[in-house]
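# Survey of secondary and tertiary structure
The residues making up each chain are set out below.
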Amino acid sequence: MRTQVGIVGAGPAGLMLSHMLHLEGIESVIIERASREHVQSRLRAGVLEHGTVDMLKELGLGERISTLGLEQHAIDFRFGGESHRLDFHQATNGRRTWVYPQHEVVTDLMKARMQAGAQILFETSVTRIEGLQTRKPTIHFEQGGEPRELQCDFIVGCDGFRGVCRDAIPDSVLKIYDRVYPFGWLGILAEAPAPTNEITWGCHEDGFAMLSIRSPSVTRLYLQCEPNEDADRWSDGRIWAELHKRLDVPGMPPVNEGKITQKGVTAMRSFLAEPMQYGRLFLAGDAAHIVPPTGAKGLNSSMADVKVLGRGLVEQYKRGVADILDRYSQICLKRMWLVQRFSAGLCTMVHQIPGDNAFVRRLQRADLDYMTGTVAGRLAFSENFTGLPIEI
Ligand code: FAD
Ligand code: PHB
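In the nomenclature of an unreviewed UniProt entry, the protein chain is known as 4-hydroxybenzoate 3-monooxygenase of Rhodoferax sediminis.

Structure representation (structure tokens):
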């Protein structure tokens, strides 16, 4: 088999890149380990940055976001027993975010790709990639138990944190930056309407909590927990009691209870691999970087990488100019370190960190006061949360 761009992984990054290339007449093949149903039903991120939504709309994928997406203008931070509403729309002169779950983004992308006759090999595992420094890099994969090969001009590793592409970069070249946090999130899906139409963060001395939205009748809730917590240790009664304690404040409607339909624990880590390219291999999305979910940057950062890479590949194929491709890693890493800074900073500001003393807790409180109570603090949060510009 042969193609122009071989893509490993049909998550948001792989599907979006394949879609962008198709619109410009560039051929790609995606190889995906999981089934189509599995890829489309994975419950993950919820918030789309302003730039991500603009990108989806520009590429003809905005129809369902316009009807089902919930536009957000503010976050309600709750701490010290009070509500502190941070209006990022106002602070940034009109920038917004949307609650539009990742599985809907993937569904839209999958539909567009399938309608265009995309070549996606599902339930097919890539075993290794090679020849990255040659003009004919190759993807090795297994189909129906048989070993097969895909020869490409370029390989793009969109295979997430546990994929195989990153490992193809020699240890002497690859530098890993990593931090694992001593807490996790218990993620809960409940059949209950959100009490207001704004995402609410509870920064409480017993641990962080968040209330987000998935649809007018479904809430997505998170509770800080132990990193390796067994979700079954959290009974429904315990979950609702902790959510009320950490999120409810006088004068604001309390959390609405409802049937819990899903719960699971997510670990928290910050991770970045440098460089994001090696010869004819490019890494995009979680294959290159992981952020703690607090800042809602995982999916959005994948889209930012793909925007740069898509533009670079189009320049290469259409005009024979390699300038953007050559600078891909440099362009993405500069922005990604700012995203890491925001995500890690927010994560350590709002969680209770085991072993921290009273001084650190007062500093956390001062950070929250500064972020919500000053013009500079509100602006800094707002421009990061709604999405930093992508400077190519
Ligand atoms: P992925 O979505 O991970 O896609 C990678 C794909 O590659 C997968 O489909 C995988 O099956 C495939 N693959 C892997 N190895 C191989 C192989 N060898 N051969 C073939 N295919 C392979 N972000 C937020 O912003 N907010 C959140 O609340 C949030 N919650 C999350 C909860 C969880 C449990 C997880 C895991 C992530 C969460 N994220 C969140 C992060 C966000 O979902 C990711 O950043 C986003 O999915 C990254 O997209 P991606 O396409 O780069 O990678
Ligand atoms: C979510 O809806 O999953 C979500 C919302 C806001 C965040 C993180 C996650 O900051």
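## Notes on the overall build of the protein chain
What the protein chain contains, in helices and strands, is 12 helices and 20 strands. Relative to a compact globule of 392 residues, whose C-alpha radius of gyration would be 21 Å, the protein chain shows 21 Å and is just as compact. Here the C-alpha coordinates of the protein chain stretch approximately 65 × 40 × 40 Å along the principal axes. Each of the 392 residues in the protein chain was classed as buried or not, and the buried ones make up 54%. Considering only contacts in the protein chain between residues 6 or more positions apart, those separated by 24 or more positions represent 71%. With an accessible surface of roughly 17000 Å², the protein chain has 48% of that area assigned to carbon and sulfur atoms. Within the protein chain, one finds 44 positive and 47 negative side-chain charges whose respective centroids are separated by 2 Å.

## Some details on the site of ligand 2
The immediate surroundings of ligand 2 are formed by Gly46, Val47, Ile199, Trp201, Met210, Ser212, Arg214, Tyr222, Pro293, Thr294, Ala296 and Phe385. At 2.8 Å from an oxygen atom of ligand 2 is found a side-chain nitrogen or oxygen belonging to Arg214. Within the backbone of Thr294, a nitrogen or oxygen atom sits 2.6 Å from an oxygen atom of ligand 2. Burial of ligand 2 by the protein amounts to 98% of the accessible area it has alone, namely 280 Å². Of all the elements, strand 15 (residues 207–215) adds the most residues to the shell around ligand 2, at 3 residues. By residue class, the composition of the shell around ligand 2 is 8 nonpolar, 3 polar and 1 charged.

## Brief notes about the side chain of Gln352
With respect to the helices and strands, Gln352 occurs in the loop between helix 10 (328–350) and helix 11 (358–373). The buried category is assigned to Gln352, whose relative accessible area is 19%. Leaving out residues up to four positions away in the same chain, Gln352 has contacts with Phe183, His204, Glu205, Asp206, Gly207, Gln224, Arg361 and Gln364.

## Comments concerning the site of ligand 1
Looking at ligand 1, there are 30 residues lining it, with Glu32, Arg42, Arg44, Gln102 and Asp286 nearest. Arg44 is positioned with one of its side-chain polar atoms (N or O) 2.8 Å from an oxygen atom of ligand 1. Protein contacts shield 87% of the accessible area of ligand 1, which totals 1000 Å² for the unbound molecule. For the shell around ligand 1, the secondary-structure elements that each account for two or more residues are helix 1 (12–23), strand 9 (125–130) and helix 8 (298–319). Residue classes in the shell around ligand 1 are distributed as 12 nonpolar, 11 polar and 7 charged.

## Some points on the pairing of strand 2 (residues 28–31)
By the alternation rule, side chains of strand 2 split into Ser28 and Ile30 and Val29 and Ile31, which are all buried. Taken together, the 4 bridges between strand 1 (residues 5–8) and strand 2 define a ladder with parallel strand orientation. In the strand pairing of strand 2, Gly6 is matched with Val29. Once you follow strand 1 into helix 1 and on to strand 2, the crossover reads as right-handed. Here strand 2 pairs with strand 8 (residues 119–121) via 3 bridges, running parallel.

## A look at the nonpolar core
Ranked by size, the top nonpolar core spans 77 residues in total, and within it Met16 and Ile139 carry the most contacts. Here this core gets 7 residues from one element, more than from any other, and that element is helix 8. One finds Tyr222, Leu243, Ala344 and Ile353 within the second-largest nonpolar core, a separate group that totals 46 residues.

## Considerations on the packing of helix 10 against helix 11
As a packed pair, helix 10 and helix 11 sit with axes 8 Å apart at the nearest point and diverge in direction by 120°. It follows that helix 10 is oblique to helix 11 by the angle criterion. Handedness of the crossing formed by helix 10 with helix 11: left-handed. Packed against helix 10, whose contacting residues are Leu346, Thr348, Met349 and Val350, the element helix 11 presents Gln364, Asp367, Leu368 and Met371 at the interface. Within the contact of helix 10 with helix 11, the residues separate by chemical class into 5 nonpolar, 2 polar and 1 charged.

## Observations regarding the packing of aromatic side chains
The tally for this structure, following the rule as stated, stands at 14 aromatic pairs. Summarising the aromatic geometry, the rings of Tyr177 and Trp337 are spaced 5.3 Å apart at their centres and angled 85° between planes, so their arrangement reads as edge-to-face. Highlighted residues: Tyr177 in strand 13 (residues 175–191) and Trp337 in helix 10, separated in sequence by 160 residues. Taking relative accessible area as the criterion, Trp337 reaches 36% and is therefore assigned partly exposed. An angle of 20° between the planes, with centres 5.8 Å apart, marks the rings of Trp185 and Phe208 as stacked. Of this pair, Trp185 sits in strand 13 while Phe208 sits in strand 15, and the two are 23 residues apart along the sequence. Assigned by exposure class, Trp185 and Phe208 land together as buried. An aromatic cluster of at least three residues, connected via ring pairs, comprises Phe77, Phe88, Trp185, Trp201, Phe208, Tyr222, Phe342, Phe381 and Phe385.

Cut-off values and rules
Numbers given to residues run from 1 along each chain, matching the order in which its sequence is written. Numbering of ligands from 1 and lettering of chains from A proceed in the order in which they are written. Residues qualify for local features only when their pLDDT is at least 70, as the model is predicted, and side-chain atom pairs are given and counted only at 80 or more; totals for whole chains, interfaces and linings, by contrast, use all residues. Side-chain calculation: all heavy atoms of the structure are included, whereas hydrogens and water are not. A helix here means a DSSP run of H or I that spans at least four residues, while a strand means a run of E at least two residues long, and both kinds are numbered starting from the N terminus. With C-alpha atoms as the basis for the radius of gyration, the globule rule is written as 2.2 Å multiplied by the number of residues raised to the power 0.38. When accessible area is computed with a 1.4 Å probe and restricted to protein chains, residues below 20% of their type maximum are described as buried, those above 50% as exposed, and intermediate ones as partly exposed. In what follows, residue pairs with any heavy atoms lying within 4.5 Å of each other are defined as contacts. Computed by Shrake-Rupley with a 1.4 Å probe, the accessible areas treat only the displayed protein chains as cover when residues are assessed. In this tally, Asp and Glu contribute negative charge and Lys and Arg positive charge; neither His nor the terminal groups of the chain are included. Charge placement uses NZ in Lys and CZ in Arg. For Asp and Glu, CG and CD serve respectively. Whether a residue is near a molecule or strand is decided by its heavy atoms; if any one of them lies within 4 Å of it, the residue is near. What qualifies as a polar contact is a pair of N or O atoms within 3.5 Å, subject to a donor-acceptor requirement within protein and to the restriction that residues adjacent in sequence count only when both atoms come from side chains. Under the grouping applied here, Gly and all other residues not named as nonpolar or charged are polar, the nonpolar ones being Ala, Val, Leu, Ile, Met, Phe, Trp, Tyr, Cys and Pro and the charged ones Asp, Glu, Lys and Arg. Pairing between strands is defined by DSSP: at least two bridges between the two strands are required. If you view a crossover with the strands going away from you and the path from the first strand over the helix to the second runs clockwise, you call it right-handed. Nonpolar core, defined: a set of buried Ala, Val, Leu, Ile, Met, Phe, Trp, Tyr and Cys residues in which side-chain atoms within 4.5 Å join the residues together. Axis definition: a line fitted to C-alpha atoms, limited for helices to the stretch in contact. Angles are taken between N-to-C directions and run from 0 to 180 degrees. Angle categories: roughly parallel below 35 degrees, roughly antiparallel above 145, roughly perpendicular from 65 to 115, and oblique for all the rest. For any pair of crossing helices, the crossing counts as left-handed if the nearer helix is rotated counterclockwise from the farther one by less than a right angle, and right-handed if it is rotated clockwise. For Phe, Tyr and Trp, rings pair up if their centres lie within 6.5 Å, where Trp contributes its six-membered ring, and each pair is then called stacked (planes under 30 degrees apart), edge-to-face (over 60) or tilted (otherwise).

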